[in-house]
Amino acid sequence: MKKIKVAMVGQPNVGKSSIINSISDARLHVGNFAGVTVEKKEVLIKRGDKEIDIVDLPGIYSLNAYTPEEQVAKRYLIEEDYDILVNVVDANVLQRNLIFTMQLLDMGKKMILVVNMIDELEKAGGKIDDKRLSELLGIPVVLASAKEKRGVENIVEKILELYDAPKPKRKIYYNEKIEYEIEKLKKILLKSPHFHDPELARFYVIRLLEKDEDIYKIVHDLPIFLELHEVLGESIKRLKLEFDEDSVSDILADERNSLAKSIVMQSMIMPQKETLTDRIDKILIHPVFGLPIFLFFMWTLFQLTFQVGSIPMEYIDQVFTNFGDWLKNILPQGDLNSVITEGVVPAVGAIVMFLPNILILFLGINLLEQTGYMARAAFLLDGFLKKFGLQGKAFIPLVSGFGCTVPAYMAARTLKNPKDRLITMLVLGFMNCSARLPVYVLLIAAFFPAHNAGNVLFVIYIGGALLGLLVAKILRELLFKGEPEPFVMEMPPYRFPSLKALAMELWIKAKIFIKKAGTFIAAAAMIVWFLSSYPKNPELLAEYEARIEAAVSESQKKALYNELAAKELESSYLGKIGKFIEPVFEPLGFDWRLSVATISGLAAKEVIVSTLATLYAVGEADETSSTLRAKLAQSVDFKTAVALIVIIMIYSPCVAAMSTFYAEIPQWAWRGFYTVYPNVLAWLAAFTVYKILEFVGL
Amino acid sequence: MKSVLDMKISETARIKRITAQEPVKGRLTAMGIAKGNLIKLLDHTLKKQTWEVEVEGTRVALRKEEAASIMVEEI
Ligand SMILES: Nc1nc2c(ncn2[C@@H]2O[C@H](COP(=O)(O)OP(=O)(O)OP(=O)(O)O)[C@@H](O)[C@H]2O)c(=O)[nH]1
Ligand SMILES: [Mg+2]
């Protein structure tokens, strides 16, 4: 059985990933803005005895790739081996999409055109004649809607048909003057023994005429290069003169634009002017009200995250406490019992409690991604971001950073200029990720009045973002002189996400979160528990047991118990490690337990909470302060808590995020800088805040 | 010659020439901002730093510098 390899290619935001999801059980990420997919992804589907390997590529506006993620797609198209190209286009903007289709047709591969979003076009009163379009382009055409799952199986059928059929003949030719030069250059290229395929030769010639450096590199080593180079130069000169244009790219762009126009004219009935998006935009990107509305949305999101998210918290907490008690009774006594009921269950419980908060935050980010408001926010903030040496498009990775820093680093690929991209990535860690949310919610609940909790959360997030911008500005001034890249961004129409899709996304996020809590965080909690319970100290125990024996009153006994537990913890491995690093954090008012928790956050930010839960679970016999929150409020003072928040806002993200950064940025100097500077900055900022609070007497 | 900066909001004009350099020019062309197409000015921000235009059904956000490089003629 042969596997059929299919490459999905098209301009950004036309629904390539959605189409793949609709014909397979894959769950590729989709969103209503350009640049959702930034890395190629393979999906395998089976139909009968045939296997089809579909490769989802990042959207690409034209073969003159512009941004790094477009480069990924272009490189795949040119270098890899595949059987069929599936070119997805958006029915609403067929003409613009066909310009790129024309470039793909130059490649001379077997190709299918999928006209997606046909539902939207038809709703607006438009129509496309697929037979006519197919005749004009000379390739199979499928009308489809990934949203309504219309025509999607047709795509698979066409792939299977085309795979067995011979390659259809080329229908699209350019102006004869251009074709004449192409023919001439093609002959030279075909003289080389490496070239047998006239279609490929034609494609290379066209790309060379357009001064494509990637192709230039390929032909550079051929023996006929010198001859080719000379004739190429003459051809370019001649064409520029005859068409009175600055470059052959311009001539061909013009050619393709006219061809696309005429094809659309012959095969499409245009829709009535659609105005919903225009009407919404009148308000949402209003010159005066646009920004305040945006801030209001963000503020509301953080209010909801805190207030609504806190409602189910106590129930979840109760469930875990009960579960722990139940386990304690059925498991045999001993270390296993302790590590599970005292180590793992409370730690995992302490984190799962925050699932509702995290889901609300993700719902907000998801709405931003799916509705099309993302691009509007980028538009509104561009002027503001420019002041800090960034550009509007940087908003997309920055906002993804509120969810998780890992995909945010990847999303920075949509920035063309390497300096812009690096600056953005260096400050992305200051966008508080959702893993930090549990820590903040815990600390805010413990140290701030309830009516202000949502606002404090908002301030933390905005503060992180502003700090990021400030650092970006400094980096730009000190290290990366020069203007940021020009800002050109497509604004997609508003789309209303289906409730089902939203629920699905949240369900996936919840699953991932619970899985992380049940595996990675449970393991981390187990390690912390062992390190904090061993080595046992029999002498200490014996000494205290004797003293407890001798104690007269109940309260005295209790006090001695607490002292014993505290001393045991201090003499554990973790206690020793903590004591060792304590001097670093001492100026911030941290004791060794907070120091250890801070360091453990490098594994994953949630681990801070579980570590605190373990370290503060001991030594408190007071019935009224059973929750972690209350214990923290009792044993940590306000200014120390604020210093802790500041540290968490600024210091290095988790190891997963750091390794993503290392993978994306190859230069060792930048990797080193990235690893060190946030921690230094975090310490300095926390120290300053601590001293200020101390000075004002808090 | 008139550029997009000189257009009024909601005005439609025909694109005559793009004076931007490559690769910005290529990017504009790929988004449909090419010679001969109709362009409509939709909006700009308060300080006229960022502009939004519509070409053949596509909305595009641009900076002042890019908008200034799109030459248009009235229709
Ligand atoms: N109405 C409608 N919307 C669709 C259809 N297909 C996709 N969409 C929406 O279009 C947007 C873009 O979809 P994606 O699948 O992310 O597009 P893509 O081509 O993979 O985009 P990039 O990865 O950014 O290049 C999403 O908001 C989808 O929900 C369709 O057939 N009809
Ligand atoms: Mg995609």
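Worth saying up front: this structure is predicted, and the values here are computed from it rather than measured. (Residues numbered from 1 in each chain as written. Chains lettered and ligands numbered in written order. Predicted model: local features only at pLDDT ≥ 70, side-chain atom pairs only at ≥ 80, totals over all residues. Heavy atoms only, no water.)

J.: I would appreciate a short explanation of the overall build of chain B in the present structure.
T.: Regarding its fold elements, chain B presents 2 helices and 6 strands. When its helices and strands are written in sequence order, chain B yields β-β-α-β-β-β-α-β. Relative to the globule expectation of 11 Å for 75 residues, the C-alpha radius of gyration of chain B, 11 Å, shows essentially globular dimensions. For chain B, the spread of C-alpha atoms along the principal axes amounts to about 30 × 25 × 25 Å. Burial analysis of chain B (75 residues in total) assigns 60% to the buried set. Looking at chain B alone, contacts between residues at least 24 apart form 57% of all its contacts between residues at least 6 apart. For chain B, the computed accessible surface area is about 3,100 Å², with 52% contributed by carbon and sulfur atoms. (Helix = DSSP H or I, 4+ residues; strand = E, 2+ residues; numbered from the N terminus. Rg over C-alpha atoms; globule rule 2.2 N^0.38 Å. Buried < 20%, exposed > 50% of the residue type's maximum accessible area, 1.4 Å probe, protein only. Contact = heavy atoms within 4.5 Å. Areas by Shrake-Rupley, 256 points an atom, 1.4 Å probe, with all protein chains shown as cover.)

J.: What am I meant to see in unusual backbone geometry here?
T.: Note: most peptide bonds trans; most residues except glycine with negative phi. Residue and element names in this part refer to chain A. Of the consecutive residues Tyr534 and Pro535, the connecting peptide bond is found in the cis state with omega at -5°. Tracing the backbone through its elements, the reader meets Pro535 in the loop between helix 23 (499–533) and helix 24 (538–550). Within the chain, Met117 stands out as a residue other than glycine whose phi angle is a positive 65°. With respect to the secondary-structure elements, Met117 resides in the loop between strand 5 (111–116) and helix 4 (118–123).

J.: Explanation requested: the coordination of the magnesium ion (ligand 2) in the structure shown.
T.: The expected angle between donors at a tetrahedral four-coordinate metal is 109.5 degrees. At an octahedral six-coordinate metal it is 90 or 180 degrees. Residues and elements named next belong to chain A. Within the first shell, the magnesium ion (ligand 2) binds the protein through Ser17 (OG) and Thr37 (OG1), at distances of 1.9 to 2.1 Å. Here Ser17, found in helix 1 (residues 16–23), pairs with Thr37, found in the loop between helix 1 and strand 2 (41–47); they are 20 residues apart in sequence, far enough to count as distant. Thr37 gets classed as buried once you look at its relative accessible area, which sits at 12%. (Donors = N, O, S within 2.8 Å, 3.2 Å for Na, K, Ca; no water.)

J.: Just to check I follow, could you spell out a nonpolar patch on the surface for this structure?
T.: All names here are of chain A. A contiguous nonpolar surface patch, about 400 Å² in accessible area, is contributed by Leu470, Ile474, Leu478 and Leu479. Residue placement: Leu478 occurs in helix 22 (residues 453–478). By relative accessible area, Leu478 is classed as exposed at 65%. (Patch = residues over 30% accessible without salt bridge, like charges linked within 9 Å, V, L, I, M, F, W, Y side chains within 5 Å. Salt bridge = Lys/Arg side-chain N within 4 Å of Asp/Glu carboxyl O.)

J.: Which parts of the structure should I look at to understand empty space enclosed by the protein?
T.: One water molecule sets the probe size; rolling that probe over the atoms shows where empty space is left. Following the criterion strictly, the structure yields 5 cavities of 30 Å³ or more and no others. Reported here for the largest cavity is a volume of approximately 90 Å³. Lining the largest cavity are 15 residues, and of these Ala34, Tyr61, Glu69 and Lys393 of chain A together with Arg27 of chain B sit closest to its centre. Going through the elements one at a time, helix 2 (68–79) and strand 9 (488–491) of chain A are the ones with two or more residues in the lining of the largest cavity. When residues of the lining of the largest cavity are assigned to their parent elements, the largest contribution, 3 residues, is made by strand 9 of chain A. Each residue belonging to the lining of the largest cavity can be placed in one class, and the counts come to 6 nonpolar, 4 polar and 5 charged. Put simply, the second largest cavity is a space of about 50 Å³. Lining the second largest cavity are Tyr409, Leu426, Gly429, Phe430, Ile650, Tyr651, Pro653, Tyr674, Tyr677 and Pro678 of chain A. Looking at which element gives the most residues to the lining of the second largest cavity, the answer is helix 32 (residues 668–695) of chain A, with 3 residues. (1 Å grid on protein atoms, 1.4 Å probe; cavity = no way out; pocket = protein on both sides within 12 Å on 5 of 7 lines; lining within 4 Å. Points joined across faces, edges and corners; volume = space filled by probe spheres on them. Nonpolar A, V, L, I, M, F, W, Y, C, P; charged D, E, K, R; others polar.)

J.: In this structure, what is going on with the packing of helix 7 (residues 176–191) of chain A against helix 10 (residues 225–243) of chain A? I would like to understand it.
T.: For any two helices packed against each other, the geometry is given by the interaxial angle and the distance between the axes. All names here are of chain A. The geometry of helix 7 relative to helix 10 is characterised by a closest axis approach of 10 Å and an angle of 175° between their N-to-C directions. Between helix 7 and helix 10, the crossing angle belongs to the class labelled roughly antiparallel. Residues Lys177, Ile178, Glu181, Lys184, Leu185, Ile188, Leu189 and Lys191 of helix 7 pack against Glu227, Leu228, Val231, Leu232, Ser235, Arg238, Leu239, Glu242 and Phe243 of helix 10. (Axes fitted to C-alpha atoms, helices over the stretch in contact; angles between N-to-C directions. Parallel < 35°, antiparallel > 145°, perpendicular 65-115°, else oblique.)

J.: In this structure, what is going on with the packing of helix 21 (residues 437–447) of chain A against helix 22 of chain A? I would like to understand it.
T.: Residue and element names in this part refer to chain A. In the contact formed by helix 21 and helix 22, the axes pass within 10 Å of each other and the chain directions differ by 135°. Considering the angle they form, helix 21 stands oblique to helix 22. In this structure, helix 21 crosses over helix 22, and the sense of that crossing is right-handed. Here helix 21 contributes Leu437, Tyr440 and Ile444 to the contact with helix 22, which in turn contributes Ala453, Val456, Leu457, Ile460 and Tyr461. Looking at the contact of helix 21 with helix 22 residue by residue, the classes come out as 8 nonpolar, no polar and no charged. (Left-handed = near helix turned anticlockwise from the far one by under 90°.)

J.: Help me understand the environment of Val38 of chain A, please; the structure alone is not making it clear to me.
T.: Residues and elements named next belong to chain A. Here Val38 is to be found in the loop between helix 1 and strand 2. As for Val38 and Ala522, which are separated by 484 residues in sequence, their C-alpha atoms are 32 Å apart. Each residue touching Val38, except ones within four places of it in the same chain, is listed here: Pro58, Glu69, Val72, Met410, Ala411, Arg413 and Thr414.

J.: Got a minute to help me understand a positive patch on the surface in this structure?
T.: On the surface, a cluster of positive charge is contributed by Arg27, Lys149, Lys500 and Lys511 of chain A. Of the residues examined, Lys500 of chain A reaches a relative accessible area of 71% and is grouped as exposed. (Lys, Arg positive; Asp, Glu negative; His and termini not counted. Charge placed at Lys NZ, Arg CZ, Asp CG, Glu CD.)

J.: Got a minute to help me understand the interface of chain B and chain A in this structure?
T.: Interface size is often expressed as the accessible area that is lost when the parts come together. On the side of chain A, 42 residues touch chain B, which itself brings 34 residues to the contact. On the chain B side of the interface with chain A, the three residues burying the most area are Arg27, Arg59 and Arg63 of chain B, jointly 25% of the side's total. On the surface where chain B and chain A come into contact, there are 8 salt bridges. We note a salt bridge from Arg63 of chain B to Asp382 of chain A, for which the minimum N-O separation is 2.8 Å. Counting the contacts that link chain B with chain A gives 16 residue pairs in polar contact (both at pLDDT 80 or more). Those elements giving two or more residues to the side of chain B that touches chain A turn out to be helix 1 (24–30), strand 3 (38–44), strand 4 (50–55), strand 5 (58–63) and helix 2 (64–68) of chain B. Counted by class, the side of chain B that touches chain A contains 11 nonpolar, 10 polar and 13 charged residues. Here 4 bridges tie strand 9 of chain A to strand 5 of chain B, and the two strands are oriented antiparallel to one another. Within the sheet, the bridge partner assigned to Met489 of chain A lies in strand 5 of chain B and is Ala61 of chain B. (Buried area = accessible area lost by both parts, 1.4 Å probe. Polar contact = N/O pair within 3.5 Å; in protein donor to acceptor, adjacent residues only side chain to side chain. Pairing = 2+ DSSP bridges.)

J.: Would you take a moment to explain the pattern of salt bridges for this structure?
T.: Pairing between side chains of opposite charge can happen when the charged atoms of each approach one another. All names here are of chain A. Evaluation of the coordinates by the stated rule reveals 46 salt bridges over all chains. Close ionic contact of Glu694 with Lys691 constitutes a salt bridge, the shortest N to O distance being 3.1 Å. Of this pair, Glu694 and Lys691 both sit in helix 32, 3 residues apart, which is roughly one turn of that helix. Classification of Glu694 as partly exposed rests on a relative accessible area of 37%. In this structure, a network of salt bridges that share partners links the residues Lys74, Asp106, Arg207, Glu210, Asp212, Asp214 and Arg256.

J.: Looking at this structure, how should I read the sheet that holds strand 4 (residues 84–90) of chain A?
T.: As a general point, the strands of a sheet are linked pairwise by backbone hydrogen bonds and lie either parallel or antiparallel. Residues and elements named next belong to chain A. In space, the 6 strands of this open sheet follow the order 2-3-1-4-5-7, with mixed pairing throughout. Each having just a single partner strand, strand 2 and strand 7 (141–143) make up the two edges of the open sheet. Adjacent strand axes in the sheet meet at a mean angle of 25° when their direction is disregarded. Relative to strand 7, strand 5 is paired through 3 bridges, and the arrangement is parallel. Looking across to strand 7, one finds that Leu113 is bridged to Val141.

J.: Teacher, can you tell me more about the site of ligand 1 here?
T.: Residues and elements named next belong to chain A. Neighbouring residues of ligand 1: 24 residues in total, closest Lys16, Ser18, Val36, Thr37 and Ala146. Contact between ligand 1 and Ser17: an oxygen atom at 2.8 Å from a side-chain N or O atom of the residue. When contributions to the shell around ligand 1 are tallied by element, the ones reaching two or more residues are helix 1 and helix 4. A breakdown of the residues in the shell around ligand 1 according to their chemical character gives 8 nonpolar, 11 polar and 5 charged. (Near = heavy atom within 4 Å.)

J.: Got a minute to help me understand the side chain of Lys16 of chain A in this structure?
T.: All names here are of chain A. If you trace the backbone, Lys16 turns up in helix 1. One buried charged residue, Lys16, remains without a salt bridge, the closest side chain of opposite sign being Asp56 at 5.9 Å. When neighbours within four sequence positions are excluded, Lys16 is seen to be in contact with Met8, Val9, Gly10, Gln11, Asp56, Leu57, Pro58, Gly59 and Val88.

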